[in-house]
Amino acid sequence: MTSATHPVAPHHLPSFITAPGEADVLMVTMAVILLVSVLGFGILFLTLHTLPERIAHKSHKLQFEIVAVLGLIALFTNMHIFWIVGLLLALIDLPDFGGWLGRIAGSVERIADNQSNGGTAKPPPEITDAGRGDALAPQGVVGRRRDGSGESVTPKLVPTNTGS
């Protein structure tokens, strides 16, 4: 059986029309283009969606966790305001109040301890040798210089005036 063209059909058919039983090249090409474009669009969407989180992570922001949670909420609820708020938080530098408040709290504790002891101050903490970790003795203990030269240094005591 030979496949003959229909008598009414033109003699020259376009290339996208295939004979019966052959693979449709146009359909296969369009399926590949559709698959690549859907995957590309999905990757682009997820890359843009994680942009605030990546910005906050690279700049070591304090609010990184908040930005990450806002990104997840925006992803699962399709409410874009969460993504915008996360992006704004990732771009803004919030001051580190924890460090200031910690120093203030430590100072207040020391003041409270001094007042509860009748005004007698605590002795300052012992200075430790960075190389060994033990406390420096007043005489005869050799320490190390901070510049790393390795020279031996003997700490010296300065006499204090006791007022007597």
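These figures come from a predicted structure and were not determined experimentally.

1. A word on the overall build of the chain
Okay, step 1: When its secondary structure is counted, the chain shows five helices and zero strands.
Okay, step 2: Helices and strands in the chain line up, N terminus first, as α-α-α-α-α.
Okay, step 3: In the chain, buried positions account for 10% of the 164 residues.
Okay, step 4: Accessible surface, the chain: about 14000 Å² in total, of which carbon and sulfur atoms supply 67%.

2. Considerations on a nonpolar patch on the surface
Okay, step 1: Side chains of Phe41, Leu44, Phe45, Leu46, Leu48, Leu72, Leu75 and Phe76 sit close together on the surface and give an oily, nonpolar patch of about 840 Å² of accessible area.
Okay, step 2: Those elements giving two or more residues to the nonpolar patch turn out to be helix H1 (25-49) and helix H3 (64-77).
Okay, step 3: Here the nonpolar patch takes five residues from H1, the largest share from any one element.

3. Structural notes on helix H4 (residues 80-91)
Okay, step 1: Here H4 spans 17 Å end to end across 12 residues, near enough to the 16 Å set by a 1.5 Å rise per residue.
Okay, step 2: When we look at burial in H4, the residues that qualify are Gly86, Leu87 and Ala90. Down the axis of H4, the buried set is contained in an arc of 100 degrees. They therefore lie on one face.
Okay, step 3: Those residues of H4 that are buried are in contact with helix H2 (51-58) and H3.

4. Description of the side chain of Gln63
Okay, step 1: Inspection of the secondary structure assignment puts Gln63 in the loop between H2 and H3.
Okay, step 2: Among the polar contacts made by the side chain of Gln63, one reaches the main-chain carbonyl oxygen of Leu89 at a distance of 2.6 Å.
Okay, step 3: With residues near it in sequence (within four places) discarded, Gln63 still touches Leu89, Ile92 and Leu94.

5. Some words on the packing of H1 against H2
Okay, step 1: Contact geometry of H1 with H2 gives a least axis separation of 4 Å together with a crossing angle of 45 degrees. With respect to each other, H1 and H2 are oriented oblique. Where H1 approaches H2, its residues Thr47, Leu48 and His49 are matched on the opposing element by Leu51, Pro52 and Arg54.
Okay, step 2: Class assignment for the residues of the contact of H1 with H2 results in three nonpolar, two polar and one charged.

6. As for the confidence of the model for the chain
Okay, step 1: On average, residues of the chain score 77 in pLDDT, and 70% of them reach the 70 mark or higher.
Okay, step 2: When pLDDT is averaged over each helix and strand of the chain, the minimum, 85, is found for helix H5 (residues 97-116) and the maximum, 95, for H1.
Okay, step 3: This model gives residues 133-141 a pLDDT under 50, and the stretch forms 18 contacts once residues within four places in sequence are excluded.

What counts and what doesn't
Residues numbered from 1 in each chain as written. Predicted model: local features only at pLDDT ≥ 70, side-chain atom pairs only at ≥ 80, totals over all residues. Heavy atoms only, no water. Helix = DSSP H or I, 4+ residues; strand = E, 2+ residues; numbered from the N terminus. Buried < 20%, exposed > 50% of the residue type's maximum accessible area, 1.4 Å probe, protein only. Areas by Shrake-Rupley, 256 points an atom, 1.4 Å probe, with all protein chains shown as cover. Patch = residues over 30% accessible without salt bridge, like charges linked within 9 Å, V, L, I, M, F, W, Y side chains within 5 Å. Salt bridge = Lys/Arg side-chain N within 4 Å of Asp/Glu carboxyl O. Expected span 1.5 Å × (residues − 1). Arc of directions from axis to C-beta. Contact = heavy atoms within 4.5 Å. Polar contact = N/O pair within 3.5 Å; in protein donor to acceptor, adjacent residues only side chain to side chain. Axes fitted to C-alpha atoms, helices over the stretch in contact; angles between N-to-C directions. Parallel < 35°, antiparallel > 145°, perpendicular 65-115°, else oblique. Nonpolar A, V, L, I, M, F, W, Y, C, P; charged D, E, K, R; others polar. pLDDT = per-residue confidence, 0-100.

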